[in-house]
Amino acid sequence: MTDRDSAPDRGARDALSASVAITAGAALFNEGEFLAARDIWESKWQPSDDGDSDDGERLRRGLAATAAATHRTSDGDRSGAAERADDAVAALASVSDPRGVALGPVREWAERLASAPERADSATAPRIRIDDETPDFDGLSLAAAGVAAPALARADEPGDPKVLATAAEFAREERGTGRTEFAELLFAYLRTPDARPQVAARLGDHVEREARKRRDVDGLF
């Protein structure tokens, strides 16, 4: 499966806040899930508070192209990796506000992929740092986890992306209620790759049960 083959239907998805998109994508990239990271970084982001949409667009394109190039390297597609890395280098070169991302290592990695993809190994890709932290699945917020899980499913991991997105909505609604089942399962999906088929199935059951319960309540009025 290529990175282009898995491109999601962007028109049907809500814009993400830049901070959530950057962090969720960085966690996926740092965990070696380059295709899912690209998926998030190619999504539509909400405009930033500073109004510099062009700069945000360059950052988005640069990160997405870096993830795509790294994925193609892992697939052995050297020419494709170099092509996407060239896109990353061009986009990242003119980013003035990296939104907390330490872009130096990312730029150096993209330049290496562009110039000598045959000497680059995806296993040596830099870990992306944001505000002096290195996001991973263990430290994600619920908002970022709710974005990362469906992206994994869209990148061919087990589970239905729409079901996982609905589970993320239910998890957000659980906050402050004392219930945590959806949040716990979302984090389990991210953190236990070997158990993803089983966790995805459980999430599907929970989502269907919750949706049925809500339909029954709506039917009373």
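Presented here is an overview of the structure given in this document. This is a predicted model, so every value here is computed, not measured.

## Focus on the overall build of the chain
- Counting its regular elements, the chain contains nine helices and zero strands.
- Start at the N end of the chain and walk to the C end: the helices and strands fall as α-α-α-α-α-α-α-α-α.
- For the chain, the proportion of its 221 residues judged to be buried stands at 46%.
- Once local pairs closer than 6 in sequence are excluded, the contacts in the chain between residues at least 24 apart make up 69%.

## Focus: the nonpolar core
- Counting residues in each nonpolar core, the largest one holds 63 residues, and the members touching the most others are L28, F29, I40, W41 and L140.
- When near neighbours in sequence (up to four residues on either side) are disregarded, F29 contacts F34, A37, W41, T66, A67, T70, W109, A125, P126 and I128.

## Some thoughts on the packing of helix α6 (residues 142–154) against helix α7 (residues 161–174)
- Viewed as axis vectors pointing N to C, α6 and α7 meet at an angle of 170 degrees, and their least axial separation amounts to 8 Å. Judged on the interaxial angle alone, α7 and α6 are roughly antiparallel. Residues L142, G146, A149, P150, A153 and R154 of α6 lie in contact with α7, whose contacting residues are P161, L164, A165, A168, A171 and R172.
- Residue composition of the contact of α6 with α7, grouped by class: nine nonpolar, one polar and two charged.

## Let's talk about the pattern of salt bridges
- Enumeration over the complete set of coordinates arrives at 22 salt bridges.
- Where E42 meets R38, a salt bridge forms, and the shortest distance between an N and an O atom there is 3.8 Å.
- Salt bridges sharing common partners tie together E173, R179, E181, R209, E210, K213 and R214.

## Thoughts on the packing of helix α4 (residues 78–93) against helix α5 (residues 103–115)
- Two numbers describe how α4 lies on α5: the axes approach to 8 Å, and their chain directions differ by 145 degrees. Two packed elements cross with a definite hand, and for α4 against α5 that hand is left-handed. Contacts between α4 and α5 involve A82, A85, D86, A88, V89, L92 and A93 from the former and L103, V106, R107, A110, E111, L113 and A114 from the latter.
- A per-class count over the contact of α4 with α5 returns eleven nonpolar, no polar and three charged.

## With respect to unusual backbone geometry
- One non-glycine residue, D131, lies in the positive phi region at around 50 degrees.
- Within the secondary structure, D131 is located in the loop between α5 and α6.
- By relative accessible area, which is 56% here, D131 ends up exposed.
- Of note in the backbone geometry, D156 takes a positive phi value of approximately 85 degrees without being a glycine.
- Tracing the backbone through its elements, the reader meets D156 in the loop between α6 and α7.

## With respect to the packing of aromatic side chains
- Scanning all chains against the criterion turns up three aromatic pairs.
- Each ring, one from F29 and one from F34, has its centre 5.0 Å from the other, and the planes form 70 degrees; the classification is edge-to-face.
- For F34, a relative accessible area of 10% gives the class buried.
- Judged by centre distance (6.2 Å) and plane angle (35 degrees), the ring pair of F29 and W41 falls under tilted. Note that F29 is positioned in helix α1 (residues 18–30) and W41 in helix α2 (residues 34–41), a separation of twelve residues in sequence. For the residue pair F29 and W41, the accessibility class agrees, reading buried in each case.
- Here the aromatic cluster, defined as three or more aromatic residues joined through ring pairs, consists of F29, F34 and W41.
- Geometry around Y189 places R196 over its ring, the cationic atom sitting 5.6 Å from the centre.

Parameters at a glance
Residues numbered from 1 in each chain as written. Predicted model: local features only at pLDDT ≥ 70, side-chain atom pairs only at ≥ 80, totals over all residues. Heavy atoms only, no water. Helix = DSSP H or I, 4+ residues; strand = E, 2+ residues; numbered from the N terminus. Buried < 20%, exposed > 50% of the residue type's maximum accessible area, 1.4 Å probe, protein only. Contact = heavy atoms within 4.5 Å. Core = buried A, V, L, I, M, F, W, Y, C linked by side-chain atoms within 4.5 Å. Axes fitted to C-alpha atoms, helices over the stretch in contact; angles between N-to-C directions. Parallel < 35°, antiparallel > 145°, perpendicular 65-115°, else oblique. Nonpolar A, V, L, I, M, F, W, Y, C, P; charged D, E, K, R; others polar. Salt bridge = Lys/Arg side-chain N within 4 Å of Asp/Glu carboxyl O. Left-handed = near helix turned anticlockwise from the far one by under 90°. Phe/Tyr/Trp six-rings, centres within 6.5 Å; stacked < 30°, edge-to-face > 60°. Lys NZ or Arg CZ within 6 Å of the ring centre and 35° of its normal.

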